[in-house]
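Close look at the chain arrangement
The primary structure of each chain is shown beneath.
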Amino acid sequence: GCRSDDYRAFKAKLVDDWGQKMILWSFRRCPYAMRARLAIASAGVIVELREIVLRNKPAAFIAASAKATVPVLVSSDQGVLQESRDIMFWALNRNDPENWLAPWRADQAGVDAFFDHIDGPFKTHLDRYKYASRFDADAAIEHRAAGAKTLAMLDGMLAKQTNLSGENLAILDFACLPFIRQFRIADEDWFDAQPWPHLHPWLQAFLASPRFAAVMHKYQPWQDGDEAITFPG
């Protein structure tokens, strides 16, 4: 490993092995950005974090990604990564001290299918439940029920093992915890009353963890000319 003085110099410069800045565009409350930050923090890869406000996106952010949705990672080795899943694997393939990728190495197709379900059907139901006024308010309860089927399935998985990934928290857990947090926020009383005896303590342990607190630190929205914010800080 690097000597401590070498590491400090590396952190101060915020450069990667190709001499270019690594920039993460993020929005604190976005679950996709949240899981990207979780993976980057676990990997210990140092990036420049640029917090944005979605209703007032900086021109530099839009220039970096025509898609203009967070998270976006800009690095010289992979160019522009615009999907949180890709950013997670980018960070963990560089460094994986907590062995988050163990489930993926054991069953790549299964992990990919899990991501597809969370990012696809579950996120669809979550949005139409949590943000019902933007879609069809009359269908909100139907979407809540559909999303709850996924949560019941996860509770069943947690009945058999401590975490979705096995003994330790890893890629499957952090792929979905930010989204389950959002599902709970939509109606905490209803959520907490559901018969999910394993899911509730698993989620609450995450929400109470120093890990979660660290990635949810509040930063001022980035403006051109601001001093770089290192993440993890």
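This one's a predicted model, so the numbers in the text were calculated from it and none came from an experiment. (Residues numbered from 1 in each chain as written. Predicted model: local features only at pLDDT ≥ 70, side-chain atom pairs only at ≥ 80, totals over all residues. Heavy atoms only, no water.)

**What to know about the overall build of the protein**
- Regarding its fold elements, the protein presents 11 helices and five strands.
- The C-alpha atoms of the protein give 18 Å as radius of gyration, which agrees with the globular expectation for 233 residues (17 Å, within 12%).
- Expressed along its principal axes, the backbone C-alpha trace of the protein runs to roughly 50 × 40 × 30 Å.
- Residue burial in the protein is summarised as follows: out of 233 residues, 45% are buried.
- By sequence separation, contacts in the protein at least 24 residues apart represent 68% of the contacts at least 6 residues apart. (Helix = DSSP H or I, 4+ residues; strand = E, 2+ residues; numbered from the N terminus. Rg over C-alpha atoms; globule rule 2.2 N^0.38 Å. Buried < 20%, exposed > 50% of the residue type's maximum accessible area, 1.4 Å probe, protein only. Contact = heavy atoms within 4.5 Å.)

**Observations concerning the sheet that holds strand E5 (residues 230-231)**
- The five strands lie next to each other as E4-E3-E1-E2-E5, forming an open sheet whose pairing is mixed. With one partner strand each, in any of the chains shown, strand E4 (79-81) and E5 form the two edges of the open sheet.
- Pairing analysis gives three bridges linking strand E3 (residues 72-75) to E4, with the strands arranged antiparallel. For leucine 73, the partnering residue across the bridge sits in E4 and is leucine 81.
- Here helix H2 (residues 31-43) sits on the sheet and contacts strand E1 (23-26), strand E2 (47-51) and E5; the angle it forms with E1, its principal contact strand, is near 145°.
- On the sheet, helix H4 (residues 84-94) packs against E1, E2, E3 and E4 and is oriented at approximately 45° with respect to E3. (Pairing = 2+ DSSP bridges. Axes fitted to C-alpha atoms, helices over the stretch in contact; angles between N-to-C directions.)

**Some remarks on the nonpolar core**
- Val47, Leu151, Ile180, Phe191, Leu199 and Trp202 are the most contacted members of the largest nonpolar core, which has 54 residues in total.
- For this core, the leading source of residues is helix H8 (residues 171-186), giving nine residues.
- Each residue touching tryptophan 202, except ones within four places of it in the same chain, is listed here: Leu158, Thr162, Asn163, Leu164, Leu169, Asp173, Cys176, Leu177 and Ile180.
- Judged by nonpolar contacts, the second largest core, of 11 residues, contains Trp25, Ala33, Ile52 and Phe61. (Core = buried A, V, L, I, M, F, W, Y, C linked by side-chain atoms within 4.5 Å.)

**Considering the layout of surface pockets**
- There is about 870 Å³ of room inside the largest pocket.
- Lining the largest pocket are 32 residues, and of these Phe27, Arg29, Cys30, Pro31 and Leu54 lie nearest its centre. (1 Å grid on protein atoms, 1.4 Å probe; cavity = no way out; pocket = protein on both sides within 12 Å on 5 of 7 lines; lining within 4 Å. Points joined across faces, edges and corners; volume = space filled by probe spheres on them.)

**What to know about the packing of H4 against H8**
- Closest axis-to-axis distance for the H4/H8 pair is 12 Å, and the angle between their directions is 145°. Crossing handedness for the pair H4 and H8: right-handed. Across the interface between the two elements, Met88, Phe89 and Leu92 of H4 pack against Ile171, Phe174 and Ala175 of H8. (Left-handed = near helix turned anticlockwise from the far one by under 90°.)

**As for the pairing of E2**
- Most of E2 is tucked away, with five of its five residues classed as buried.
- Side chains of E2 alternate between two faces, with Val47, Leu49 and Glu51 and Glu48 and Arg50 buried alike.
- Taken together, the four bridges between E1 and E2 define a ladder with parallel strand orientation. Looking at E2, one finds that tryptophan 25 is bridged to arginine 50.
- Following the backbone out of E1, through H2 and into the adjacent parallel E2, one traces a crossover that is right-handed.
- When E2 meets E5, the two strands line up antiparallel, connected through two bridges. Looking at the pairing, valine 47 lines up with phenylalanine 231 of E5. (Right-handed = clockwise from strand over helix to strand, strands pointing away.)

**Concerning the pattern of salt bridges**
- Applying the stated criterion to the full structure yields nine salt bridges.
- Among the salt bridges present, the one from aspartate 116 reaches arginine 85, with a minimum N-O distance of 2.7 Å. Linking aspartate 116 in helix H6 (residues 108-130) with arginine 85 in helix H4, this pair joins segments that are 31 residues apart in sequence.
- With a shortest N-O distance of 3.8 Å, arginine 85 and aspartate 119 are connected by a salt bridge. Here the residue arginine 85 occupies a position in helix H4, and aspartate 119 occupies one in helix H6, the gap between them amounting to 34 residues.
- A relative accessible area of 23% places aspartate 119 in the partly exposed class.
- Each of Arg35, Arg85, Asp116 and Asp119 takes part in one network of salt bridges that share partners. (Salt bridge = Lys/Arg side-chain N within 4 Å of Asp/Glu carboxyl O.)

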